[in-house]
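Report on the structure
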Amino acid sequence: MSPVRPRRVYIETWGCQMNELDSQRMAGQLMQQGILPTREPEEADIILLNSCSVREKAEQKVYSRIGEYRLFKRTRNDLLIGLCGCVAQQEGQRALDRVSDLDFVVGPARVGELNDVIARRQAGERVVATGFPEERTYDIDAVSRHGEYKGMVTIIEGCNKNCTFCIVPQTRGPERSRPFAEILKEVRHLLDYGFMEIELLGQTVNHWREPGGDLDFADLLDAVASLPGLQRLRFMTSYPRDFTPRMVEQVGRHSNICPYLHLPVQSGSDRILRRMGRGYARSLYLDLIGQLRRARPALALSTDIIVGFPGETEEDFQQTLELMEEVRFASVYAFKYSPRPGTAAPRLDGEVDPEVASERLQRLFQTQERIQREINQGLVGEEYDVLVTGWGKQPGTQMGRTSCHRIVHFAVDSQPFPLGGMTRVKVESALPHSLLGRLVVP
Ligand code: 5AD
């Protein structure tokens, strides 16, 4: 008798933290069925592509990957390939029509139904599980957090903002907050498992509200940060207009709320912000940054910026560069505008020449690189508590994150630290994207 080979799943994830968590949920559901994760697509019985559709390039990438993996079916006719995530929601049946080797499509709000979808496929049906049902399966025990140093907890799904560039309201559906008690239970459960870092997730995380109640994100922050054993609390992504003074106060009050915030500004020009439908002006954003920095002087900020949005002139772009000089972000995620189906911006006039947009993006990166180099240089000589997150490229080195989310590399001479552990490091030199340090012996 030949030994029974365990069944394997290979999951490829693109995009945001929500997708990462969805992948952990899918892996966990399959592991409960005895199907184990693998890093090798060649040896998988199930391949799941958890896709992102925020820009066109990401969408193209997933289709080209399906094209590669479907070739495995020539020798393995029992292999299943599933399209998940935001492209799945956007494309639905179209994806099955386009790729005959695709077995099923599962949208972000239907992740909890994966086992059922696979069972139906095995019975012969090519399933499309998309849309936003009221009732959702969400089993917190079935999340595979293996190898992760932080526990991610969704507190709010979907988005009701109507930014003219953004496809997310269509792919992740209308906004929907999870109940307060359920969130606290999940965080406690993670702390019991020994997670030191918790990350609260949502497309507009600070717009969380107790369903049918009065509590808002400030109350939730206060309650979660007060839980015993929680060393680091993060949350993303905050929407600038939804940040209230009560939330700023909580960020100032709880030292375990990490002094790091991701606050997408998208543009430094009021004219472009208006065309984007962001609902705030540059002055509101800068005022908020001022409040936050008064509450937490060591606060590190990151942001998202779109360049080449329809109608963006050189002057508008200059205002974005000026805002970057004024705020001095610790990091910036910048993208060229990409028209998305079903959004309003493609109908706006003033299309920006792609070469002009590329050139602006390059200048933006240069500016930011200089700012980051200067900021990081100023951290040389400082000591930080570092959460160990991985191994360095050089043998004998490890890496980790400060509470303000900076990457630190350091040498370990004897026993390496377990991932997820804490140590203390003194910064000895700085690069634009990371710090180099040495262990501080207590
Ligand atoms: N084109 C380019 N960038 C986009 N983003 C969202 N939609 C688009 C688009 N159509 C960027 C925004 C957002 C980040 C997650 O992706 O900056 O904050």
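Let me sum up the structure you'll find in this document. (Residues numbered from 1 in each chain as written. Predicted model: local features only at pLDDT ≥ 70, side-chain atom pairs only at ≥ 80, totals over all residues. Heavy atoms only, no water.)

A word on the pattern of salt bridges
Across all of its chains, the model carries 37 salt bridges by this definition. The salt bridge involving R275 is made with D349; its shortest N-O contact spans 2.5 Å. Here R275, found in helix α10 (residues 270–276), pairs with D349, found in the loop between β14 (331–336) and α13 (354–377); they are 74 residues apart in sequence, far enough to count as distant. Each of E312, E314, E359, R360 and R363 takes part in a single network of salt bridges with overlapping partners. (Salt bridge = Lys/Arg side-chain N within 4 Å of Asp/Glu carboxyl O. Helix = DSSP H or I, 4+ residues; strand = E, 2+ residues; numbered from the N terminus.)

Points about helix α8 (residues 217–225)
Within α8 the residues assigned to the buried category are F217, A218, L220, L221, V224 and A225. Looking down the long axis of α8, one finds its buried residues gathered within 160° of arc, a one-sided arrangement. Contacts made by the buried residues of α8 are with α7 (180–193), β10 (197–201), β11 (232–236) and α9 (245–253). Among the residues of α8, the N-terminal cap falls to D216, whose side-chain oxygen and the backbone nitrogen of A218 are separated by 2.9 Å. (Buried < 20%, exposed > 50% of the residue type's maximum accessible area, 1.4 Å probe, protein only. Arc of directions from axis to C-beta. Contact = heavy atoms within 4.5 Å. Polar contact = N/O pair within 3.5 Å; in protein donor to acceptor, adjacent residues only side chain to side chain.)

Quick notes on the site of the ligand
All residues adjacent to the ligand are V54, R55, F165, Q266, D304, I306, F335, K336, Y337, S338 and R340. Separating an oxygen atom of the ligand from a side-chain N or O atom of R55 is a distance of 2.9 Å. Between an oxygen atom of the ligand and a side-chain N or O atom of D304, the distance comes to 2.6 Å. When the free accessible area of the ligand is taken as 400 Å², the share hidden by the protein chains comes to 86%. Within the residue set of the shell around the ligand, elements represented by two or more residues are β13 (300–307) and β14. Across the shell around the ligand, the residue classes break down as 5 nonpolar, 2 polar and 4 charged. (Near = heavy atom within 4 Å. Areas by Shrake-Rupley, 256 points an atom, 1.4 Å probe, with all protein chains shown as cover. Nonpolar A, V, L, I, M, F, W, Y, C, P; charged D, E, K, R; others polar.)

Quick word on the packing of aromatic side chains
The full count for this structure, using the stated rule, is 9 aromatic pairs. Centroid distance Y69 to F72: 5.7 Å. Interplanar angle 40°. Geometry classified as tilted. By relative accessible area, which is 5% here, Y69 ends up buried. Judged by centre distance (6.3 Å) and plane angle (70°), the rings of F410 and F417 are edge-to-face. Taking the relative accessible area as the measure of exposure, F417 reaches 22% and is therefore partly exposed. Ring-pair connections join several aromatic residues into one group, and the members of that group are Y10, Y69 and F72. Across from the ring centre of Y63, 3.5 Å away, lies the NZ or CZ of R98, which sits over that ring. (Phe/Tyr/Trp six-rings, centres within 6.5 Å; stacked < 30°, edge-to-face > 60°. Lys NZ or Arg CZ within 6 Å of the ring centre and 35° of its normal.)

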